[in-house]
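Coordinate analysis (summary)
Okay, here's what each chain looks like letter by letter:
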Amino acid sequence: GNTMHPVTDRLKISREKLSYIVDSTAAPLAAIAVISTWIGFELGLIETSVAGTGFDEGSYSIFLQSIPYNFYPIWALFFVLAVGATGRDFGPMLKAERRASQEGKVLRDGADVDANAGEDGGDLQMKDEAPRRAFNAVIPIGVLIGTVAVGLYVTGSGETLRDIIGSAQTGKVLLWSGLLGVLAAVVLSVGQRILTLKESVDAWYGGLKSVLFVMIILTLAWSLAAVAEDLKTANYLVSVLGDTLPPSILPAILFVIAAAVSFAVGTSWGTMGILMPLAVPLVWTILQNNDMANPENYYIMYATIGTVLAGSVWGDHCSPISDTTIISSVAAGSDHIDHVRTQIPYALTVGVVALLLGLIPAGFGVSPWIMLPIGAAVLVGVLFLFGKEVEDGSKDGGEEQKDREQEEAPAETTYG
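Read on for an overview of the structure. What you see is a predicted model; the values in this text were computed from it and never measured.

Conventions and cut-offs
- Residues numbered from 1 in each chain as written.
- Predicted model: local features only at pLDDT ≥ 70, side-chain atom pairs only at ≥ 80, totals over all residues.
- Heavy atoms only, no water.
- Axes fitted to C-alpha atoms, helices over the stretch in contact; angles between N-to-C directions.
- Helix = DSSP H or I, 4+ residues; strand = E, 2+ residues; numbered from the N terminus.
- Parallel < 35°, antiparallel > 145°, perpendicular 65-115°, else oblique.
- Left-handed = near helix turned anticlockwise from the far one by under 90°.
- Contact = heavy atoms within 4.5 Å.
- Nonpolar A, V, L, I, M, F, W, Y, C, P; charged D, E, K, R; others polar.
- Salt bridge = Lys/Arg side-chain N within 4 Å of Asp/Glu carboxyl O.
- Buried < 20%, exposed > 50% of the residue type's maximum accessible area, 1.4 Å probe, protein only.
- 1 Å grid on protein atoms, 1.4 Å probe; cavity = no way out; pocket = protein on both sides within 12 Å on 5 of 7 lines; lining within 4 Å.
- Points joined across faces, edges and corners; volume = space filled by probe spheres on them.
- Core = buried A, V, L, I, M, F, W, Y, C linked by side-chain atoms within 4.5 Å.
- Phe/Tyr/Trp six-rings, centres within 6.5 Å; stacked < 30°, edge-to-face > 60°.
- Bend = angle between axes of the 7 residues up to and from the residue.
- Polar contact = N/O pair within 3.5 Å; in protein donor to acceptor, adjacent residues only side chain to side chain.

All right, on to the packing of helix α2 (residues 15-24) against helix α6 (residues 71-86) then. As a packed pair, α2 and α6 sit with axes 9 Å apart at the nearest point and diverge in direction by 150 degrees. Viewed along their axes, α2 and α6 adopt a mutual orientation that is roughly antiparallel. Between α2 and α6 lies a crossing of left-handed hand. Here K17, Y20, I21 and S24 of α2 lie close against α6, whose contacting residues are A76, L77, F79, V80 and V83. By residue class, the composition of the contact of α2 with α6 is seven nonpolar, one polar and one charged.

All right, on to the pattern of salt bridges then. Applying the stated criterion across every chain, the model contains 10 salt bridges. One salt bridge connects R15 with D9, and the closest N-O pair in it is separated by 2.8 Å. Take R15 and D9: they sit in the same class, and that class is buried. Overlapping salt bridges bring together R108, D335, D338 and R341 as one network.

Here the focus is empty space enclosed by the protein. Under the defined criterion, the tally for this structure stands at one cavity of 30 Å³ or more. Contributing elements (two or more residues each) for the lining of the largest cavity: α2, α6 and α18 (336-363). Of the residues forming the lining of the largest cavity, the biggest block, four residues, is contributed by α18. In terms of residue class, the lining of the largest cavity is built from seven nonpolar, three polar and no charged.

To continue, consider the nonpolar core. Residues W38, F55, F71, Y72, W75 and F79 are the most contacted members of the largest nonpolar core, which totals 73 residues. Aside from chain neighbours lying at most four places away, what touches W75 is V350, V353, A354, L357, G358, M371, L372, G375, A376 and L379.

To continue, consider the packing of aromatic side chains. The final tally for this structure, using the stated rule, is six aromatic pairs. Relative to F71, the ring of Y69 has its centre 6.4 Å away and its plane inclined at 90 degrees; by these criteria the two rings are edge-to-face. The same class applies to Y69 as to F71, namely buried. For the pair F79 and Y346, a centre-to-centre distance of 5.6 Å together with 85 degrees between the ring planes defines the contact as edge-to-face. Residue F79 is located in helix α6, and its partner Y346 is located in helix α18; the two are separated by 267 residues in the primary sequence.

Quick look at unusual backbone geometry now. Excluding glycine, residues mostly carry a negative phi; peptide bonds, for their part, are mostly trans. Of note, the phi angle at K12 is positive, near 60 degrees, even though the residue is not glycine. Relative to the assigned elements, K12 resides in the loop between α1 (5-10) and α2. Under the relative-accessibility criterion, K12 is labelled partly exposed at 25%. We note that R193 has phi near 60 degrees; this positive angle belongs to a residue other than glycine. Positionally, R193 belongs in the loop between α10 (170-191) and α11 (197-210).

Let us now look at α18. Roughly 35 degrees is the biggest bend found in α18, and it falls at L355. Regarding α18, its N-cap is D335, as a side-chain oxygen of that residue lies 3.0 Å from the backbone nitrogen of I337 further along. Downstream of α18 by a residue or two, G365 has a phi angle that is positive, lying close to 95 degrees.

Turning our eyes to something else, we now look at the environment of T324. Note that T324 resides in helix α17 (residues 323-332). Residues T324 and V22, spaced 302 residues apart in sequence, show a C-alpha to C-alpha distance of 9.8 Å. Discounting residues that sit within four places of it in the chain, T324 has contacts with D23 and D316.

Following this line, the structure appears as structure tokens:
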């Protein structure tokens with residue numbers, strides 16, 4: 001957001017659109033990426049949740065199997081690309097885009113924007129004399145990814161790659177790879193005299209501070225999950241619902257529950273921490289009660305894990321108190337309420353498609369690989385049916401619009 005808003009401002013793209021792009025390509029991608037801190041957290045939840053259920057597959061293997069059932073994150077990423085490729089918008093986003101394109105106002109009049117999101121970038125400025133060398137970013141990330149790959153292979157066991165990854169000590173591998181990636185960045189910065197050792201440590205500490213709020217949320221979520229475990233909440237839910245709920249509708253129900261909880265508490269990680277230890281034992285018991293606890297029906301377990309993750313991300317996108325939503329609007333220099341108001345119609349559209357064309361069919365055994373392209377086609381159809389091109393709202397004729405743009409082009413205006 002901080003990097004791109006000077007570019008999008010010159011292209012007359014609204015800050016609301018930029019913050020939507022940032023938000024909808026951040027959490028959805030992190031939730032399904034094969035290597036990320038999100039995945040380390042999710043693997044820990046999965047491993048804890050399946051312990052003692054009789055579902056003996058490795059946590060990383062379970063996660064990989066659940067990725068195709070993460071319909072909302074996958075289609076949210078696709079929808080961002082579709083909106084950009086078609087040039088169509090609808091709802092409040094269309095109004096914001098027309099304001100930026102036709103009036104040159106990337107922010108609405110009276111918008112409340114964080115001071116650190118201005119043109120000066122707040123505290124996020126580089127040193128003027130610092131060299132811009134791509135390998136300073138590529139090498140640390142390469143060390144991170146390479147260490148993860150090697151670490152998973154070394155700490156895992158089995159004959160197939162799936163067995164090796166599934167049995168690997170993922171938590172330790174991610175910890176070591178992150179540490180080595182940081183050390184690589186420090187060595188590069190100090191070795192080229194871009195930063196002093198003290199400045200490198202300060203930068204590292206600044207990164208820690210940026211996730212302190214997330215750490216507090218996780219601590220509280222884990223505490224709540226521990227309380228629920230001590231109160232035998234999962235056992236209670238199993239006793240109440242274990243014989244009444246049909247397994248085929250569980251993924252859809254859990255998606256709605258996860259979305260509601262995430263919207264209310266404003267955190268996807270907290271929602272995962274609360275619901276995963278409850279949902280997995282519940283689903284496993286229901287499968288057992290229906291004589292379906294066998295590999296042929298494991299897809300319901302994969303869909304359950306995927307839907308808890310997906311529902312958490314959906315609620316996180318729509319909640320005005322979500323940390324990622326707030327960070328996205330601040331980083332992009334958008335009014336926070338404007339970001340929420342323009343993003344909700346898009347998130348709702350993708351969420352409804354994920355529920356109706358993803359989770360419900362998946363619960364009845366339809367392959368997600370069949371539904372994924374169908375859902376993508378429906379989303380494109382929604383854009384062409386309800387969306388409009390920004391230029392369609394111009395009150396001026398074509399030539400008059402070009403003349404006005406040429407007259408306004410030399411003018412430099414600062415918003416915020």
